[in-house]
Amino acid sequence: MICRALLCILLFLSSMKLFAQEGFYSTDTIRDIRITFAQSNWDEILDSLYVAGDKGRMQATLFIDGIQYDSVGVRYKGYSSASVDRVKNPFNIKLNYLIEGQDHQGIDKIKLSNVIQDPSFLREVLSYEIARKYMPASESNFANVYVNDTLLGLYSNVEAVNNEFLEKHFTTADNVLVKGNPETVDLYGENSNLSQTPGTDSLAYTSLYSMQSDYGWTALYNFIDTLNNHEADIDKVLNVDQALWLHALNYTLINFDSYVGYAQNYYLYQDQAGRFNPIIWDLNMSLGSFRLTDASVYFDGFSIEQAKTLDPLSHYNEFSVFPRPLLRNLFNTSRYRKMYLAHIRTIVQENISNQAYLTRAETLHQLIDESVQNDANKFYTYADFQNNLYGTVSDFIDYPGIVDLMEGRAAYLSAYPGFQGAPDIENVSVFPEAPVSNDMLLITAQVSNASEVILFYRTRPDIVFEELLMNDEGIDGDALAGDGIFSSQFLFQGRDVDYYIYAENANSGVFSPQRAEKEFHQIAVVSGLVINEIMAANFSTVADQDGEYDDWVELYNGGNTSINLEGFYLSDNENDLTKWIFPNTVIQPNDYKIIWCDTAGSSQTGLHTTYRLSADQEEVYLTDPSGVVVDAVHFVNMPTDVAYARVPNGDGVFIHQ
């Protein structure tokens, strides 16, 4: 009996480990979420809270895949998707409502959408999956939701844009976060369109935007002022590439319940460089479900057939009924228009033309089939669910078949001016292949059909990519003029380098890699001596000689000879590279050396610095006795007992493991 009980416990722990590994938002998983209220009239109470509009919450017990969480806070969410007349309303669940620090796999807020306006049940999850390839976007999947053991139905489960989201995608969550979310959507007004119509007083914008951070109205107004009045400086206050991806996704996927239509349903986050980053949000009416307006030639609505042929540059080629400066003022720049169309080409080629979206849609359709059948409160019939992947479903409006819409959209966009005829970028190379600090780094690419080629590079993930013009003129490292090999060079400073290349001609542009800036090429420091691994939140993984769990840095000597580190320095401060000096110690070829960052100094056996590392954000510098930075590594949001390491050792890029 004891053995059998032990086996049951091990199996349970194994299943819990599996849930933790696959992630709460694993797309191919249907979560089981159960809410238990003490009150039998819970729906009346939630209705009254929703009508009051003060975002009050009801206390409840929550079960996620059988794991219990007490004293969570529950309220309805949404603007038009919630109603006191509906059984199946969307939920906003706060796990740390009364118990500070309570979360599920690091998640403290759960947002459950009731899949209204989508007979296919697929639009939100499928669209977010596509968006995540190209820009920071929420994870999402499906969940069967029960209240007091009664099944309400199948919901979409979407990751909140909150501190956890920001820390995952940016270097900090401490900056300004704004939501384009007017208090009341004006069907004949400007809403959160980023125009300067309200005037010069930042307080005049408070009813049009929702400030999600503790401060930021002045920063938002300054951004709006620059966007509208100083087009030459837009790139200083806006992550232009991310804005172009946002527009490319909205126009390719016909997601017009967004900045395009009524100028809402997006976030802006100000990064460490002071630029606002648009974040896509609320995709439940993507893929043509919303067709009330495009705020341009179809200001009074458009049909399914018109949706297939919507001009992606309508707000440049035609007019804006209400101002759309985040579209028009970007598209005034020729290069931005070409970059935008290059992003559309990538989305079409990687998702639609190759039928990848259909393969995923059919997989998800099969996954949720039984749950849709069991959903007694769904807004459409099971037959509608079966039909809407391919064909139009008619209800209050016509919901286009996803395949019908996307096939028509891809055909139109593939013939759009600027889609074809782009330059070709091939054979991207780096010299020397194994650079060391103070080498002149040469990057080359074979490019055809281009009038201009630009290298974008950075040495830390929290800074802006710098631009360098690549040339084929036999100068600045270019070997031979006119051979189609474009080159650019800069001083390598002992840091990993992220870079991508953009090329354009009179009509079209292209990126290498195509998903830039979300993806990029990388040059890792591969000198004999490198920072190889870091753990800045070591609670139980590796103990030092005295059994203490401290922060640590691991060096690796990948060379053929031993190195005496005496006189080298290790620091966490760019302005004080000599913060801690190595004593007489040797690191052998193909060997490792751990330095404990614990303030112990020489009082303990081994190598111990005089400072600790911060798990939130830090840089580690290794400097030789002459003051040359041998290697420098930047990291953010270091998880507990997880290392940040080069894979493979010595010359790989850094990943968490």
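Residues numbered from 1 in each chain as written. Predicted model: local features only at pLDDT ≥ 70, side-chain atom pairs only at ≥ 80, totals over all residues. Heavy atoms only, no water.

Regarding the sheet that holds strand E15 (residues 440–448)
So, step 1. With antiparallel pairing, the three strands of this open sheet are ordered in space as E14-E15-E18. Only two strands of the sheet have a single neighbouring strand rather than two, namely strand E14 (424–431) and strand E18 (485–491). Taking each pair of neighbouring strands and ignoring which way they run, the sheet shows an average axis angle of 20°.
So, step 2. Sheet analysis places E14 next to E15, joined by six bridges and oriented antiparallel. (Pairing = 2+ DSSP bridges. Helix = DSSP H or I, 4+ residues; strand = E, 2+ residues; numbered from the N terminus. Axes fitted to C-alpha atoms, helices over the stretch in contact; angles between N-to-C directions.)

As for the pattern of salt bridges
So, step 1. By the definition in use, this model includes 24 salt bridges.
So, step 2. Of the charged contacts, one joins Lys 168 and Glu 139 as a salt bridge, the two residues approaching to 2.9 Å between their closest N and O atoms. With Lys 168 in helix H4 (residues 163–169) and Glu 139 in the loop between helix H3 (123–131) and strand E6 (140–147), this residue pair connects regions lying 29 residues apart in the sequence.
So, step 3. Since its relative accessible area comes to 29%, Glu 139 is described here as partly exposed.
So, step 4. The partner of Asp 271 in a salt bridge is Arg 275, and the shortest N-O contact between them spans 3.4 Å.
So, step 5. Connected through salt bridges with shared partners, the residues Arg 460, Asp 462, Glu 574 and Glu 619 form a single ionic network. (Salt bridge = Lys/Arg side-chain N within 4 Å of Asp/Glu carboxyl O. Buried < 20%, exposed > 50% of the residue type's maximum accessible area, 1.4 Å probe, protein only.)

Considerations on the packing of H3 against helix H12 (residues 356–374)
So, step 1. The contact between H3 and H12 brings their axes to 10 Å, and the two run at 140°. If you check the angle between H3 and H12, you find them oblique. For the crossing formed where H3 meets H12, the hand is right-handed. On H12, the residues that touch Val 125, Leu 126, Glu 129 and Ile 130 of H3 are Tyr 357, Arg 360, Ala 361 and Leu 364.
So, step 2. When grouped by side-chain class, the residues that make up the contact of H3 with H12 number six nonpolar, no polar and two charged. (Parallel < 35°, antiparallel > 145°, perpendicular 65-115°, else oblique. Left-handed = near helix turned anticlockwise from the far one by under 90°. Contact = heavy atoms within 4.5 Å. Nonpolar A, V, L, I, M, F, W, Y, C, P; charged D, E, K, R; others polar.)

Considering the packing of aromatic side chains
So, step 1. Scanning all chains against the criterion turns up 30 aromatic pairs.
So, step 2. Relative to Trp 281, the ring of Tyr 267 lies with its centre 5.7 Å away and its plane at 80°, an arrangement referred to as edge-to-face. Of this pair, Tyr 267 sits in strand E10 (residues 266–270) while Trp 281 sits in the loop between strand E11 (276–280) and helix H8 (304–308), and the two are 14 residues apart along the sequence. Note on accessibility: Tyr 267 and Trp 281 belong to one class, buried.
So, step 3. In this structure, Lys 579 packs its charged tip against the face of Tyr 611, placed 4.8 Å from the ring centre. (Phe/Tyr/Trp six-rings, centres within 6.5 Å; stacked < 30°, edge-to-face > 60°. Lys NZ or Arg CZ within 6 Å of the ring centre and 35° of its normal.)

Considerations on a nonpolar patch on the surface
So, step 1. Side chains of Val 297, Phe 299, Phe 319 and Val 321 sit close together on the surface and give an oily, nonpolar patch of about 310 Å² of accessible area.
So, step 2. If you trace the backbone, Val 297 turns up in the loop between E11 and H8.
So, step 3. Note on Val 297: relative accessible area 31%, which makes it partly exposed. (Patch = residues over 30% accessible without salt bridge, like charges linked within 9 Å, V, L, I, M, F, W, Y side chains within 5 Å. Areas by Shrake-Rupley, 256 points an atom, 1.4 Å probe, with all protein chains shown as cover.)

Here's the deal with empty space enclosed by the protein
So, step 1. Under the counting rule described, the total for this entry stands at three cavities of 30 Å³ or more.
So, step 2. In this structure, the largest cavity encloses a volume near 40 Å³.
So, step 3. Taken together, Val 115, Asp 118, Phe 121, Glu 124, Ser 156 and Asn 284 make up the lining of the largest cavity.
So, step 4. A class-by-class count of the residues in the lining of the largest cavity yields two nonpolar, two polar and two charged. (1 Å grid on protein atoms, 1.4 Å probe; cavity = no way out; pocket = protein on both sides within 12 Å on 5 of 7 lines; lining within 4 Å. Points joined across faces, edges and corners; volume = space filled by probe spheres on them.)

Structural notes on the packing of helix H11 (residues 334–352) against helix H14 (residues 402–414)
So, step 1. Between H11 and H14, whose axes approach to 11 Å, the crossing angle comes to 140°. Between H11 and H14, the angle falls in the class oblique. Every pair of crossing elements has a handedness; the one defined by H11 and H14 is left-handed. Residues Ile 344, Val 348 and Ile 352 of H11 form the contact with H14, whose participating residues are Met 406, Glu 407, Ala 410, Leu 413 and Ser 414.
So, step 2. Here the residues of the contact of H11 with H14 sort into six nonpolar, one polar and one charged.

Topic: the sheet that holds E11
So, step 1. Pairing in this open sheet of four strands is antiparallel, and the strands run E9-E8-E10-E11 from one edge to the other. Looking at strand neighbours, the two that pair on one side only are strand E9 (210–211) and E11, the edges of this open sheet.
So, step 2. One ladder, built from four bridges, connects strand E8 (residues 177–180) with E10; its direction is antiparallel. Residue pairing across strands places Lys 179 opposite Tyr 267, the latter belonging to E10.

As for the nonpolar core
So, step 1. Membership of the largest hydrophobic core comes to 101 residues, with the highest contact counts inside it found for Leu 194, Phe 223, Leu 249, Ile 280, Leu 330 and Tyr 340.
So, step 2. The element contributing the most residues to this core is H11, with nine residues.
So, step 3. Listed in part, the 27 residues of the second largest apolar core include Val 72, Tyr 76, Ala 82 and Tyr 155. (Core = buried A, V, L, I, M, F, W, Y, C linked by side-chain atoms within 4.5 Å.)

Comments concerning the pairing of strand E23 (residues 551–557)
So, step 1. A large share of E23 lies buried, amounting to seven of its seven residues.
So, step 2. Every second residue of E23 is oriented toward a common face, with Asp 551, Val 553, Leu 555 and Asn 557 on one face and Trp 552, Glu 554 and Tyr 556 on the other, all of them buried.
So, step 3. Across six bridges, strand E22 (residues 529–535) lies against E23 in antiparallel orientation. Paired with Met 535 across the bridge in E23 is Trp 552.

Examining a negative patch on the surface
So, step 1. Among the surface-exposed residues, Asp 103, Glu 164, Glu 167, Asp 174 and Asp 616 lie close enough to one another that they form a single negatively charged patch.
So, step 2. The residue Glu 164 is located in helix H4 in this model.
So, step 3. Judged by its relative accessible area of 30%, Glu 164 is partly exposed. (Lys, Arg positive; Asp, Glu negative; His and termini not counted. Charge placed at Lys NZ, Arg CZ, Asp CG, Glu CD.)

Here we look at the pairing of strand E16 (residues 452–458)
So, step 1. Taken across its seven residues, E16 has six buried, putting it largely inside the fold.
So, step 2. Bridging between E16 and strand E19 (residues 497–504) involves seven bridges; their strand directions are antiparallel. The residue of E19 that forms the bridge with Leu 455 is Ile 501.
So, step 3. By the bridge criterion, five bridges tie E16 to strand E17 (residues 466–470) in an arrangement that is antiparallel. By the bridge assignment for E17, Ile 454 is matched with Leu 469.

So, H12
Since the α-helix packs 3.6 residues into each turn, any two residues three or four apart lie on the same face.
So, step 1. For H12, spanning 19 residues, the distance from its first C-alpha to its last is 28 Å, which sits close to the expected 27 Å at 1.5 Å a residue.
So, step 2. The largest bend in H12 amounts to roughly 45° and is located at Ile 368.
So, step 3. Those residues of H12 that sit buried are Tyr 357, Leu 358, Ala 361, Leu 364, His 365, Ile 368, Asp 369, Ser 371 and Val 372. (Expected span 1.5 Å × (residues − 1). Bend = angle between axes of the 7 residues up to and from the residue.)

Focus on unusual backbone geometry
So, step 1. Here Ser 512 and Pro 513 are connected by a cis peptide whose omega angle stands at -5°.
So, step 2. In this structure, Pro 513 sits in the loop between strand E20 (509–512) and strand E21 (521–523).
So, step 3. Residue Glu 517 follows Ala 516 across a cis peptide bond; omega there is 5°.
So, step 4. Phi at Ala 263 takes a positive value of approximately 55°, unusual for a residue other than glycine.
So, step 5. For Ala 263, the position within the fold is in the loop between helix H7 (240–252) and E10.
So, step 6. Residues other than glycine seldom take positive phi values, yet Asp 282 does so here, at roughly 65°.
So, step 7. Summarising the element assignment, Asp 282 is placed in the loop between E11 and H8.

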